[in-house]
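Residue-level listing of the chains:
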Amino acid sequence: MKRFIYTVLIILAIIILSLGAEEANRVAVVGGTAGHTLSSPGSVPDPAVRKIAGLGSFSLALKGDGLLLAWGNNEFGQLGDGTTVNKGLPIQVKGISGVVAVAGGRSHSLALKKDGTVWAWGKNGNRQLGDGTADKKSFPVQVKGISGIIAVAGGSNHSLALKKDGTVWAWGKNGNRQLGDGKTKMRTTPVQVNKLSGVVAVAGGAVHSLALKSDGTVWIWGQHQQGNPGKKKTGDRFAPVNVKKLSKVIGIACGYYHSLALKKDGTVWVWGKHTHKSFTIPTRVEGISEIIAVAGGHNRSLALKKDGTVWAWGNHIPLKPGKGKQKNPYMPLNVEGLANVTAIAAGRDHSLALYNDGSARAWGKNESGQLGDGTTKNRSTPVPVKIAPPVFPVPTVNIQANPTGIKVGASSTLTWGSTNAETCVIEPAIGSVATSGSLSVSPTENITYTITATGPGGSTSADLSIVVYPLPTVTMQANPTGIIIGKSTTLTWNAVNAETCVIEPAIGSVATSGSL
């Protein structure tokens, strides 16, 4: 008898219950978290204007998202919209993105992309686009033969690029040696400027070029018949020469025939032909200090003070109505009505100021719509550039779990991603997380997680449910529990939360409840 009781007990003990494989991969989550693997925070595209450039009779604006706006004269396609029609309001430059800097010349535009390549469009009669042709382009084309560029600048009909190794490259018109390659031959593709290294900034004038070295010295080449090199001797320079009496310079700019240097102490120095007067050596501009940026146009200069005000001298200087002409064109005047300015730019006969909120103001000549106010009326005082307010994209977010169904005590990995978001929060229990990442969770009951992504364009949420399968339970009885040889007993069993049941030995798979 004892032997048969033992056999029956063994049969009762080895009923096997299991989760099906398919269900085990359908996991949901409830409970604690562990094992975070988070990526770096995502960046939100910034559609506001962050940089400006005033060129011949047109203007460019660079947005924080790497896209470009352009307006004004478009005779040679320099606005990059595929047409040659002037635009009095900003339009988007087509076929280019990922831009980090802009520049240009009298009728051509330059853009530096974040990958270190340079792109150009507009007039190309002097090969200033650097694409190996003489054809004008109304869409951006890549400048050939250069990479690793960190800055660009444009003269009237030539272009400059600064490589990350501190060398300078130039192309375009070269009749006055403004390319600095020791020749006067026009260049259809970039050539290296001779005997120049350690450069940190470049600038281009009508027929001359400037470079600022890391040691604070300024170098110049090209035409200097108005005293551009800071010497009394005139003529053209085949290769860069040091501008005398200048040191501790932190910024440079070119007007058409004059040059500007900003020193570390906040003072501004000028040389060359400026408003019908020639300065043969660098001369300090009186009446301004604490300057953080300078810009030059045709017989006109601008300076930005650290308090956000703008000062101007030369032609086309804003004056109050009825104030008459500027008494002293060499004495800077405060441009009234401007405050919180972060950047300045000067075209041939117009000026631009960028505010810290991404809006801009412009003044000066406007025959081609270069002020961007929707008119062709000249303005003696700053008017708003009609740049459309920035529209921030709505965030998107997704979340997944692997597996989406688990048994009690197991874990699942949450993986999520978002776009256009600055913050992400997962609830319940988890809280703030990176804008993309993954983490392990071990819930003990069914749960629904909600992830919310928030950015300048609003908030978006997504839900994810995880199913937690409880452990199976089983009971089995025999009636009777003892028999003699040749007689039978009835087994009765019932399993809860089970998909399969197996009775061993000898019986095998059975239903989750039944009798035999």
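Cut-off values and rules
- Residues numbered from 1 in each chain as written.
- Predicted model: local features only at pLDDT ≥ 70, side-chain atom pairs only at ≥ 80, totals over all residues.
- Heavy atoms only, no water.
- Helix = DSSP H or I, 4+ residues; strand = E, 2+ residues; numbered from the N terminus.
- Contact = heavy atoms within 4.5 Å.
- Areas by Shrake-Rupley, 256 points an atom, 1.4 Å probe, with all protein chains shown as cover.
- Pairing = 2+ DSSP bridges.
- Axes fitted to C-alpha atoms, helices over the stretch in contact; angles between N-to-C directions.
- Salt bridge = Lys/Arg side-chain N within 4 Å of Asp/Glu carboxyl O.
- Buried < 20%, exposed > 50% of the residue type's maximum accessible area, 1.4 Å probe, protein only.
- Core = buried A, V, L, I, M, F, W, Y, C linked by side-chain atoms within 4.5 Å.
- Phe/Tyr/Trp six-rings, centres within 6.5 Å; stacked < 30°, edge-to-face > 60°.
- Lys NZ or Arg CZ within 6 Å of the ring centre and 35° of its normal.
- Polar contact = N/O pair within 3.5 Å; in protein donor to acceptor, adjacent residues only side chain to side chain.
- pLDDT = per-residue confidence, 0-100.

What exactly am I supposed to notice about the overall build of the protein chain here?
Broken down by element type, the protein chain carries two helices and 43 strands. In the protein chain, the proportion of contacts linking residues at least 24 apart, taken out of those at least 6 apart, comes to 51%. When the accessible surface of the protein chain is totalled, it reaches about 22800 Å², and 52% of it is carbon and sulfur.

Whenever I open this one, the sheet that holds strand β11 (residues 149-154) confuses me. Can you help?
Strand pairs in the sheet, formed through backbone hydrogen bonds, run parallel or antiparallel to each other. In spatial order, the strands read β11-β12-β13-β14; together these four strands make up an open sheet with antiparallel pairing. Unpaired on one side and paired on the other, β11 and β14 (187-192) mark the two borders of the sheet. For this sheet, the mean inter-axis angle between neighbouring strands, taken without regard to orientation, is 20 degrees. With five bridges joining them, β11 and strand β12 (residues 158-163) adopt antiparallel strand pairing.

Explain the pattern of salt bridges to me, please; I cannot follow it from the model alone.
It is possible for side chains bearing opposite charge to pair when their charged atoms get close. A full pass over the atoms with the stated rule returns seven salt bridges. Notably, a salt bridge pairs Lys306 with Glu290, separated by 3.7 Å at the nearest N-O pair. Linking Lys306 in the loop between β24 (300-305) and β25 (310-314) with Glu290 in the loop between β22 (277-284) and β23 (291-297), this pair joins segments that are 16 residues apart in sequence. By relative accessible area, Lys306 is classed as exposed at 59%.

Any chance you could explain the nonpolar core here in plain terms?
Most often, soluble globular proteins have nonpolar side chains that are buried together. Among the nonpolar cores identified, the biggest contains 19 residues, and Leu414, Trp416, Ile426, Ile430, Tyr449 and Ile451 are the most heavily contacted of them. Mapped by element, the contributors of at least two residues to this core are β31 (396-402), β33 (412-419), β34 (423-427), β36 (437-442), β37 (447-455) and β38 (458-469).

Please explain the packing of aromatic side chains as it appears in this structure.
Geometry of an aromatic ring pair is reported as the spacing of the ring centres plus the angle between the planes. Using the criterion set out here, one finds zero aromatic pairs in the structure. Positioned above the aromatic ring of Trp269 is the side chain of Lys263, whose terminal nitrogen or guanidinium carbon lies 4.4 Å from the ring centre.

Please explain the side chain of Asn73 as it appears in this structure.
Note that Asn73 resides in the loop between β5 (68-72) and β6 (87-92). A residue is classified by how much of its surface remains accessible, and Asn73, at 15% relative accessible area, is buried. Only 3.0 Å separates the side chain of Asn73 from the side chain of Gln78, close enough to count as a polar contact. At 3.3 Å, the side chain of Asn73 forms a polar contact with the side chain of Ser368. Discounting chain neighbours no more than four positions away, the residues touching Asn73 are Ser57, Phe58, Gln78, Leu79, Asn86 and Ser368.

Honestly, the sheet that holds strand β20 (residues 258-263) in this entry has me stumped. Any pointers?
Reading across the sheet, the four strands line up as β19-β20-β21-β22 and stay open at both edges, with antiparallel pairing between neighbours. Each having just a single partner strand, β19 (249-254) and β22 make up the two edges of the open sheet. Each adjacent strand pair in this sheet contributes to an overall mean axis angle of 10 degrees, direction not counted.

Any chance you could explain the pairing of strand β40 (residues 490-496) here in plain terms?
Along any regular strand, the residues point their side chains to alternate faces of the sheet. By the alternation rule, side chains of β40 split into Leu491, Trp493 and Ala495, which are all buried, and Thr490, Thr492, Asn494 and Val496, of which none is buried. In this structure, strand β39 (residues 473-479) lies alongside β40, joined through seven bridges in antiparallel fashion. The partner of Ala478 across the bridge, within β40, is Leu491. With three bridges joining them, β40 and strand β43 (residues 513-515) adopt antiparallel strand pairing. Bridge assignment links Trp493 to a residue of β43, and that residue is Gly514.

Help me out: how do you make sense of the environment of Gly374 in this one?
Inspection of the secondary structure puts Gly374 in the loop between β29 (360-364) and β30 (379-384). For the pair Gly374 and Pro90, spaced 284 residues apart in sequence, the C-alpha separation works out to 8.9 Å. Not counting residues within four places of it along the chain, the set of residues in contact with Gly374 comprises Gly88 and Leu89.

For this particular structure, what's the right way to read the pairing of β11?
For β11, a buried count of five out of six residues is recorded, marking the element as mostly surrounded by other parts of the structure. Counted along the chain from β11 to the antiparallel partner β12, the turn is three residues long.

Any chance you could explain unusual backbone geometry here in plain terms?
Leave glycine aside and you will find that most residues have negative phi; peptide bonds, for their part, are mostly trans. Of the consecutive residues Asn402 and Pro403, the connecting peptide bond is found in the cis state with omega at 0 degrees. Its place among the elements puts Pro403 in the loop between β31 and β32 (405-407). Omega for the bond connecting Glu427 with Pro428 falls within 30 degrees of zero, at 5 degrees, which places this linkage in the cis form. Residue position: Pro428 is located in the loop between β34 and β35 (431-433). Despite not being glycine, Lys245 shows a phi value in the positive range, around 65 degrees. Checked against the element boundaries, Lys245 lands in the loop between β18 (236-242) and β19.

Explain the confidence of the model for the protein chain here, please?
If pLDDT is low for a region, its predicted coordinates should not be looked at in detail. Considering every residue of the protein chain, the mean pLDDT works out to 86; 85% of them sit at 70 or more. Note on residues 319-324: pLDDT is under 50 here. Beyond four places in sequence and across chains, it has eight contacts.

I keep staring at the environment of Val152 and nothing clicks. Help me out?
Along the polypeptide, Val152 turns up in strand β11. For the pair Val152 and Leu112, spaced 40 residues apart in sequence, the C-alpha separation works out to 6.7 Å. Apart from the residues within four sequence positions on either side, Val152 is in contact with Ala103, Leu112, Val118, Leu160, Ala161 and Val202.

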